[in-house]
Amino acid sequence: MVNLPLKNGEVELIPTKIVAVGRNYRAHAEEMQSAVPKEPVLFLKPPSAIIGPDSDILLPPQTRRVEHEVELAVIIGKRAKNVSEEEAMKHVFGYTILLDLTARDLQAEAKKRGLPWSVSKGFDTFAPVGPRIVPADELAPESVSISLKVNGELRQRGNTRDMIFTVPFLISYISRIMTLEPGDIIATGTPAGVGEIKDGDVIEAKIEKIGVLREKVRRI
Ligand code: MG
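Quick summary incoming for the structure in this document. (Residues numbered from 1 in each chain as written. Predicted model: local features only at pLDDT ≥ 70, side-chain atom pairs only at ≥ 80, totals over all residues. Heavy atoms only, no water.)

Quick word on the overall build of the chain
Move 1: A count of helical and extended segments in the chain gives four helices and 17 strands.
Move 2: The C-alpha radius of gyration computed for the chain amounts to 16 Å, which stays within 12% of the reference 17 Å derived for 220 residues, consistent with globular compactness.
Move 3: Principal axes of the C-alpha set define a box for the chain whose edges measure 45 × 40 × 30 Å.
Move 4: Of the contacts formed within the chain by residues at least 6 apart in sequence, a portion of 77% connects residues at least 24 apart. (Helix = DSSP H or I, 4+ residues; strand = E, 2+ residues; numbered from the N terminus. Rg over C-alpha atoms; globule rule 2.2 N^0.38 Å. Contact = heavy atoms within 4.5 Å.)

Given below as structure tokens:
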């Protein structure tokens, strides 16, 4: 699907699924006027939505409003099925950044009608990843800063310490529902400050110790 740098080489990222977590930061749940969840809110993004760094995010004709959500992405390294929270971190290969792009108008309509989010979250190019993979032992996911700029202007800023559900909890919880395979990605939710992206914008998503993921936006 996409090659990302890892140390002195490259890794081909071929997930069987992207499991995304909704409302995992209190301030974001509040800005969406959504309840703070008691259990993780999960949805899937298709692997076909993945693009690498320095690519084009394509805004499709079916939506009038696409929004950015910067997220810490966990890449699974070892099959995880029914793993405990204590064992969970042994199944992590590494970390990168994922942009969970969302057609907010379509999502709002789906929420109103009680329909799934698949359309609003699933367009091609709606899951940029990169700029590189950081090995599991080089990043502590419980406390890294996370931010996003649009055309140089700061829009989102947070820290993973504010996650409602931690990375080991999420791995354990998800693994009791669906087996996580090597290469699978968990997108762990976005901090507050989500907003619209437009044709011609330049997006820079940043996570401490990972780097900056840069993409351009183009309407098609
Ligand atoms: Mg999200």
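Description of the pattern of salt bridges
Move 1: Within this structure, the stated rule accounts for 17 salt bridges.
Move 2: The partner of Arg218 in a salt bridge is Asp56, and the shortest N-O contact between them spans 3.0 Å. Of the two residues, Arg218 is situated in strand β17 (residues 211–219) and Asp56 in strand β6 (residues 56–59); the sequence distance between them amounts to 162 residues.
Move 3: Overall, the relative accessible area of 40% leaves Arg218 in the partly exposed class.
Move 4: A relative accessible area of 29% means that Asp56 is categorised as partly exposed.
Move 5: Arg214 serves as the salt-bridge partner of Glu204, at 3.1 Å between the closest nitrogen and oxygen. Here Arg214 lies in strand β17 and Glu204 lies in strand β16 (residues 202–207), a separation of ten residues in the sequence. (Salt bridge = Lys/Arg side-chain N within 4 Å of Asp/Glu carboxyl O. Buried < 20%, exposed > 50% of the residue type's maximum accessible area, 1.4 Å probe, protein only.)

Describing the environment of Lys209
Move 1: Position of Lys209 among the secondary structure elements: in the loop between β16 and β17.
Move 2: Along the backbone, Lys209 and Tyr95 are 114 residues apart, and their C-alpha atoms lie at a distance of 9.7 Å.
Move 3: Sequence-distant contacts of Lys209, that is, excluding residues within four places in its chain, are made with Arg132, Val134, Glu138 and Leu139.

Observations regarding the coordination of the magnesium ion
Move 1: Within the protein, Glu69 (OE), Glu71 (OE) and Asp100 (OD) serve as the donor atoms for the magnesium ion, at 2.0 to 2.1 Å.
Move 2: Donor residues for the magnesium ion, ordered by position in the chain, follow E-x1-E-x28-D. In this pair, Glu69 sits in the loop between β7 (66–68) and β8 (70–76) while Asp100 sits in the loop between β9 (92–99) and β10 (102–103), placing the two residues 31 residues apart along the sequence.
Move 3: Using a relative accessible area of 1% as the deciding quantity, one classes Asp100 as buried. (Donors = N, O, S within 2.8 Å, 3.2 Å for Na, K, Ca; no water.)

Re the sheet that holds β16
Move 1: Spatially, β6-β17-β16-β12-β13 is the arrangement adopted by the five strands of the open sheet, whose pairing is mixed. The sheet terminates laterally at β6 and β13 (153–159), the two strands that pair on one side only. Put simply, the sheet's adjacent strands are angled 20° from each other on average, direction ignored.
Move 2: Relative to β13, strand β12 (residues 145–150) runs antiparallel, the two being bridged by six bridges. Bridged to Ser147 within β13 is Arg157. (Pairing = 2+ DSSP bridges. Axes fitted to C-alpha atoms, helices over the stretch in contact; angles between N-to-C directions.)

A short note on the environment of Ser55
Move 1: With respect to the secondary-structure elements, Ser55 resides in the loop between β5 (50–51) and β6.
Move 2: On a C-alpha basis, the gap between Ser55 and Thr125 in space is 8.8 Å, while along the polypeptide they are 70 residues apart.
Move 3: Ignoring sequence-local partners within four residues, the contact set of Ser55 consists of Arg214, Glu215 and Lys216.

Side note on the nonpolar core
A general tendency of soluble globular proteins is for nonpolar side chains to be buried together.
Move 1: Counting 62 residues, the largest nonpolar core has Ile57, Leu99 and Ile171 as the members making the most contacts within it.
Move 2: Counting residues per element, this core draws most heavily on β8, at six residues.
Move 3: Sequence-distant contacts of Ile171, that is, excluding residues within four places in its chain, are made with Val74, Val83, Ala88, Met89, Val92, Leu180 and Ile186. (Core = buried A, V, L, I, M, F, W, Y, C linked by side-chain atoms within 4.5 Å.)

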